[in-house]
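In case you want the letters, here they are:
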2 protein chains.
Amino acid sequence: MTGVRETNRTRTTATILSAARREIAEHGGSGLSMRAVARQVGMVSSAVYRYFPTREALVSTMIIESYGNLAAALAEVTATDPAARWRELARAMRAWTLANPHEFQLIYGTPIPGYVAPPETIPAAASAARPFLEVGSRHAVGAFDELRLTAQMGEMTALVAGAQPSGAAAVLAELAALVGMLTLELAGHFVGSADPADHLVEALLDRQVATLGLTS
Amino acid sequence: MTGVRETNRTRTTATILSAARREIAEHGGSGLSMRAVARQVGMVSSAVYRYFPTREALVSTMIIESYGNLAAALAEVTATDPAARWRELARAMRAWTLANPHEFQLIYGTPIPGYVAPPETIPAAASAARPFLEVGSRHAVGAFDELRLTAQMGEMTALVAGAQPSGAAAVLAELAALVGMLTLELAGHFVGSADPADHLVEALLDRQVATLGLTS
DNA sequence: GGAAAGCAAGAGCAGTGCTCTCGGACGTGC
DNA sequence: GCACGTCCGAGAGCACTGCTCTTGCTTTCC
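An account of the accompanying structure is given in this report.

About the thresholds
Residues numbered from 1 in each chain as written. Chains lettered and ligands numbered in written order. Predicted model: local features only at pLDDT ≥ 70, side-chain atom pairs only at ≥ 80, totals over all residues. Heavy atoms only, no water. Near = heavy atom within 4 Å. Polar contact = N/O pair within 3.5 Å; in protein donor to acceptor, adjacent residues only side chain to side chain. Helix = DSSP H or I, 4+ residues; strand = E, 2+ residues; numbered from the N terminus. Nonpolar A, V, L, I, M, F, W, Y, C, P; charged D, E, K, R; others polar. Contact = heavy atoms within 4.5 Å. Buried area = accessible area lost by both parts, 1.4 Å probe. Salt bridge = Lys/Arg side-chain N within 4 Å of Asp/Glu carboxyl O. Core = buried A, V, L, I, M, F, W, Y, C linked by side-chain atoms within 4.5 Å. Buried < 20%, exposed > 50% of the residue type's maximum accessible area, 1.4 Å probe, protein only. Axes fitted to C-alpha atoms, helices over the stretch in contact; angles between N-to-C directions. Parallel < 35°, antiparallel > 145°, perpendicular 65-115°, else oblique. Least-squares fit on C-alpha atoms with pLDDT ≥ 70 in both.

1. Focus on the protein's contact with DNA strand D
Residues in close proximity to DNA strand D total 21 residues, the closest being Met 34, Arg 35 and Arg 55 of chain A together with Ser 46 and Arg 50 of chain B. Within 4 Å of the protein, the atoms of DNA strand D are drawn from sugar and phosphate moieties in a proportion of 46%. A distance of 2.6 Å separates a phosphate oxygen of DNA strand D from a polar atom in the backbone of Met 34 of chain A. The side chain of Tyr 49 of chain A places a nitrogen or oxygen atom 3.3 Å from a phosphate oxygen of DNA strand D. Breaking the surface near DNA strand D down by element, the ones donating at least two residues are α1 (2–27), α2 (34–41) and α3 (45–48) of chain A together with α3 (45–48) of chain B. A per-element tally of the surface near DNA strand D places α2 of chain A first, with three residues. Grouping the constituent residues of the surface near DNA strand D by class yields eight nonpolar, six polar and seven charged.

This is the structure:
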């Protein structure tokens, strides 16, 4: 019956995805091989194409999964004081990134050449950014209070009740700062200077809570 | 005679590199194909391996070239007032990045899985960071003035006369912020919010000159 | 029971990085 | 002038890749 078929199908899909996850953890996103995935699940490669019509489709699904994993890691944060909460969110993001570097690079790293993010990834990306927006965009931030910039923040402020446009822009910039720091840390750019980067990150967080006006 | 042979060799090497540059501009770093490069220079692929023993060696050489190109773009900046100079350096970096996205991703993007930066790239990377350090690390920055962090800044402050350890750390963080913003912009993460990102970047620069104490 | 749909397997195509062997061109020592 | 060694491009070949197409078995539907 249909229900069972559906179940089998989604189960096989899940098996393939978890095998792909293991592959990516070892060889990175750009090194993901459909044939290697097939081998892991005990299929021949052409069978995998029944479930994912293309390598890119598999990767896209994994990107959405990874956004979900990151969002779940952020949801574990319990601190309520704004400054403390921002710090904990950032630390959780860093911890998740260091534990799952290839997943981080899947979502924030170099897109595979020719890759265009499918629209389904946009809400997934938003779910990872939302916790930061919720705690960080409550106050206006002077440096980001420029008309043509705040005019672009409509969709961002709609995500979060009580968000200030300039605050949302500032959060965007601070998220970019976080992503940049993690990118450079993962790529080893701090070797010879701020390596390990723990202290640099903590100083960044001090600066961020000050910039965002999260007095604690 | 030896001199001529050397000349032929370096000329062929240069030809290969420029073909590889064109390939990367079109297909990205991870899509660089030794055979496609060979085709472009009218050789068979095995001949290319006389000049670059491995694909990774070709990429490494291109990474160093790209650092040089970025450093050259930064060297065009003439502003002398510290705040203006920081802004101009950042704008030059962004302009170079938008004009050469694949080269940017070559140096600051996801490393090819299994890739470890060869030691030759370290001075090349430093030459791109130096102009920012020179203008931005002259003042101490409170949020980055922590002992265990400033203790890591020895190599950085040695690069630049009169650099403050906390200022150098702050510059490192601000460079990461810049890289993060450019990474997200290139990957299309701002589509739907700060796209185009011009205004967000300008606001970021306002915030950066304030953080670094570059009163203008 | 027969038609239809679902799905795994296998062969095959065009591409990849890389290796190895061959053969011609060239500079050098005698 | 001739042999030697070194350089270097060409070609074949190996193991791999993403992806397609055909074949045949199994399960579901009526």
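Picking up where we left off.
2. A word on the interface of chain B and chain A
Taken together, the contact between chain B and chain A spans 47 residues of the former and 47 residues of the latter. Summing the contributions of chain B and of chain A, the shared interface buries around 3,700 Å²; its carbon and sulfur component is 68%. A per-residue breakdown of the area chain B buries against chain A is headed by Gln 152, His 199 and Arg 207 of chain B, which together make up 16% of the total. One salt bridge connects Arg 207 of chain A with Glu 174 of chain B, and the closest N-O pair in it is separated by 3.7 Å.

3. Topic: the nonpolar core
Burial of nonpolar side chains together is a common tendency in soluble globular proteins. One finds Met 93, Tyr 108 and Leu 200 of chain A together with Met 93, Tyr 108, Phe 132 and Leu 200 of chain B to be the most contacted residues of the largest nonpolar core, which totals 136 residues. Leave out the neighbours within four places in its chain, and Met 93 of chain B touches Leu 70, Leu 74, Phe 104, Tyr 108, Phe 132, Leu 178, Val 179 and Leu 182 of chain B.

4. Points about the side chain of Thr 97 of chain B
Residues and elements named next belong to chain B. Turning to its location among the elements, Thr 97 is positioned in helix α5 (residues 82–99). At a separation of 2.8 Å, a polar atom in the side chain of Thr 97 contacts the main-chain carbonyl oxygen of Met 93. Not counting chain neighbours up to four residues away, the residues in contact with Thr 97 comprise Phe 104, Leu 182 and Leu 186.

5. A few points about the packing of helix α10 (residues 165–186) of chain B against helix α11 (residues 198–211) of chain B
Residue and element names in this part refer to chain B. At a closest axis distance of 11 Å, the pairing of α10 and α11 adopts a crossing angle of 175 degrees. Judged on the interaxial angle alone, α11 and α10 are roughly antiparallel. Counting all contacts with α10, which are made through Glu 174, Ala 177, Leu 178 and Met 181, the residues of α11 involved are Leu 200, Val 201, Leu 204, Leu 205, Arg 207, Gln 208 and Thr 211. Taken together, the residues that form the contact of α10 with α11 break down as seven nonpolar, two polar and two charged.

6. What to know about the relation of the copies chain B and chain A
The two copies are related by a screw motion: chain B maps onto chain A through a turn of 180 degrees and a shift of 0.0 Å along the axis, at an RMSD of 0.0 Å. As the rotation angle and translation indicate, the two copies are arranged about a two-fold axis. Comparing interface residues between copies, 100% of those in chain B also lie at the interface in chain A; the contact surface is shared.

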